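# Secondary and tertiary structure notes
The lines below spell out each chain.
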Amino acid sequence: MFNQKSLISGIGNLSNIKKYYDDWSVKYDVTLNNWNYQAPKKSARILKQRILSHPKNILDLACGTGLFGHELNKIYKNSNIYGSDISYQCIKIAKEKNIYKNLKKLDFETKYDYKIRFDLISLIGAMTYCRNFNKLFSIINYYLNKKGFFIFSHRIDLWKTQDFDNILKKLSNNFKINYISTPCNYLPLNNDFKDKIKIRIVLLQKC
Ligand SMILES: C[S@@+](CC[C@H](N)C(=O)[O-])C[C@H]1O[C@@H](n2cnc3c(N)ncnc32)[C@H](O)[C@@H]1O
């Protein structure tokens, strides 16, 4: 059984994270529903309000079992949604939902040679696992079409310790900030997170 505490304090290296989510995969959707995980719905609402055109090609990084893909599919019925994650077991579950055109088992800090460029990229519930922001944002920049969007959520406790404002500032040559949400609950019905650990949802646009 997975250790809930390490969701806050850190799971470990890439192979620990992979195993953690592989082991959790079958129960992930039910657990997150029990904890009232709202980030996918909230992020989709932000996209609907702030992006007027429909993105043709979307890449859902760290897609997990497809909770955000499901929301994307509701608002962008005709888009091609690609997904990737390091957990093969999560990908297997995502595949069964028939949302994604293409799913890859991939670390989001490894550049993959997609033959297309994307209009929208997402990273919901997984910025916690980023080891190298420069690398990640440079890959996002490479994957995106000009004027393409990147939406992500990030925990406010980590935002502070990582001086994430400064990280966003350094990106200003390549991305402009379209929207940063006020703090919102992340896992309000999980006893460790409750209203103690909140997130922001951020929408960037490639210049
Ligand atoms: C909290 S889940 C979020 C999943 C999904 N986006 C959602 O909102 O339900 C975090 C996901 O990040 C994935 N992950 C963690 N580190 C990763 C990495 N370096 N590359 C790709 N996926 C990663 C995990 O396997 C897991 O599926």
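These remarks concern the structure in this document. (Residues numbered from 1 in each chain as written. Predicted model: local features only at pLDDT ≥ 70, side-chain atom pairs only at ≥ 80, totals over all residues.)

## Structural notes on the overall build of the protein chain
- Summing up its helical and strand segments, the protein chain has eight helices and eight strands in all.
- For the protein chain, the C-alpha atoms occupy an extent of roughly 45 × 35 × 30 Å along the three principal directions.
- For the protein chain, the proportion of its 207 residues judged to be buried stands at 37%.
- Taking all contacts inside the protein chain whose residues are at least 6 apart in sequence as the whole, residues at least 24 apart take part in 68%. (Helix = DSSP H or I, 4+ residues; strand = E, 2+ residues; numbered from the N terminus. Buried ≥ 20, exposed ≤ 12 C-beta atoms within 10 Å, placed from the backbone. Contact = placed C-beta atoms within 7 Å.)

## Some points on helix H2 (residues 14-34)
- Counted at 1.5 Å a residue, the expected span for H2 with its 21 residues is 30 Å, but the 26 Å between its end C-alpha atoms falls short.
- Of all the bends in H2, the greatest, near 70°, is centred on Ser25.
- Every buried residue of H2 is listed here: Ile17, Tyr21, Trp24, Ser25, Tyr28 and Leu32.
- Buried-residue contacts for H2 involve helix H4 (67-75) and helix H5 (88-96).
- Of the residues trailing H2, Asn36 is marked for its positive phi of about 60°. (Expected span 1.5 Å × (residues − 1). Bend = angle between axes of the 7 residues up to and from the residue.)

## Quick notes on the pairing of strand S8 (residues 198-206)
- Relative to S8, strand S5 (residues 144-155) is paired through seven bridges, and the arrangement is antiparallel. In the strand pairing of S8, His154 is matched with Arg200.
- In this structure, strand S6 (residues 175-180) lies alongside S8, joined through five bridges in antiparallel fashion. The residue bridging Ile180 from the neighbouring strand is Val202, located in S8.
- Taken together, the two bridges between strand S7 (residues 184-185) and S8 define a ladder with antiparallel strand orientation. (Pairing = 2+ DSSP bridges.)

## Side note on the nonpolar core
- With 53 residues, the main nonpolar core has Ile58, Ile121, Leu123 and Phe150 as its most contacted residues.
- Other than its neighbours up to four places away in sequence, Phe150 contacts Ile121, Ile140, Leu144 and Leu204. (Core = buried A, V, L, I, M, F, W, Y, C linked by C-beta atoms within 7 Å.)

## Topic: the packing of H2 against H5
- Close contact between H2 and H5 brings their axes to 7 Å; oriented N to C, the two are set at 30°. Between H2 and H5, the crossing angle belongs to the class labelled roughly parallel. The residues of H5 that touch H2, namely those facing Tyr21, Asp22, Ser25 and Tyr28, are Tyr88, Gln89, Cys90 and Ile93.
- Partitioning the contact of H2 with H5 into residue classes produces five nonpolar, two polar and one charged. (Axes fitted to C-alpha atoms, helices over the stretch in contact; angles between N-to-C directions. Parallel < 35°, antiparallel > 145°, perpendicular 65-115°, else oblique. Nonpolar A, V, L, I, M, F, W, Y, C, P; charged D, E, K, R; others polar.)

## Focus: the site of the ligand
- In the vicinity of the ligand there are 21 residues, among which Ala62, Gly64, Leu67, Gly125 and Tyr129 approach most closely.
- Contributing elements (two or more residues each) for the shell around the ligand: H2, helix H3 (39-50) and H4.
- Sorting elements by how many residues they give to the shell around the ligand places H2 first, with three residues. (Near = placed C-beta within 6 Å.)

## A few points about the pairing of S5
- Most of S5 is tucked away: nine of the 12 residues are buried.
- Two elements, strand S4 (residues 118-123) and S5, share five bridges in a ladder whose sense is parallel. Each bridged residue has a counterpart across the sheet, and for Phe118 the counterpart in S5 is Leu144.

## Brief notes about the packing of H3 against H4
- Where H3 contacts H4, the axes come no closer than 9 Å and their chain directions differ by 30°. When the axes of H3 and H4 are compared, the pair comes out roughly parallel. Regarding H3 and H4, the two cross each other, and that crossing is right-handed. Contacts between H3 and H4 involve Pro40, Lys41, Ser43, Ala44, Leu47 and Lys48 on the former and, on the latter, Leu67, Phe68, Glu71, Leu72, Lys74 and Ile75. (Left-handed = near helix turned anticlockwise from the far one by under 90°.)

## Focus on the environment of Leu106
- Along the chain, Leu106 falls in the loop between strand S3 (102-105) and S4.
- For the pair Leu106 and Lys196, spaced 90 residues apart in the sequence, the C-alpha separation amounts to 31 Å.

## Structural notes on unusual backbone geometry
- One non-glycine residue with positive phi stands out, namely Ala62, at about 50°.
- Counting through the fold element by element, Ala62 comes out in the loop between strand S1 (57-61) and H4.
- According to the C-beta neighbour criterion, Ala62 is buried, with 26 such atoms within 10 Å.
- Even without glycine at this site, Lys147 takes up a positive phi of about 70°.
- Tracing the sequence through the fold places Lys147 in strand S5.
- In this structure Lys147 comes out as exposed when scored by C-beta crowding, with 10 C-beta atoms within 10 Å.

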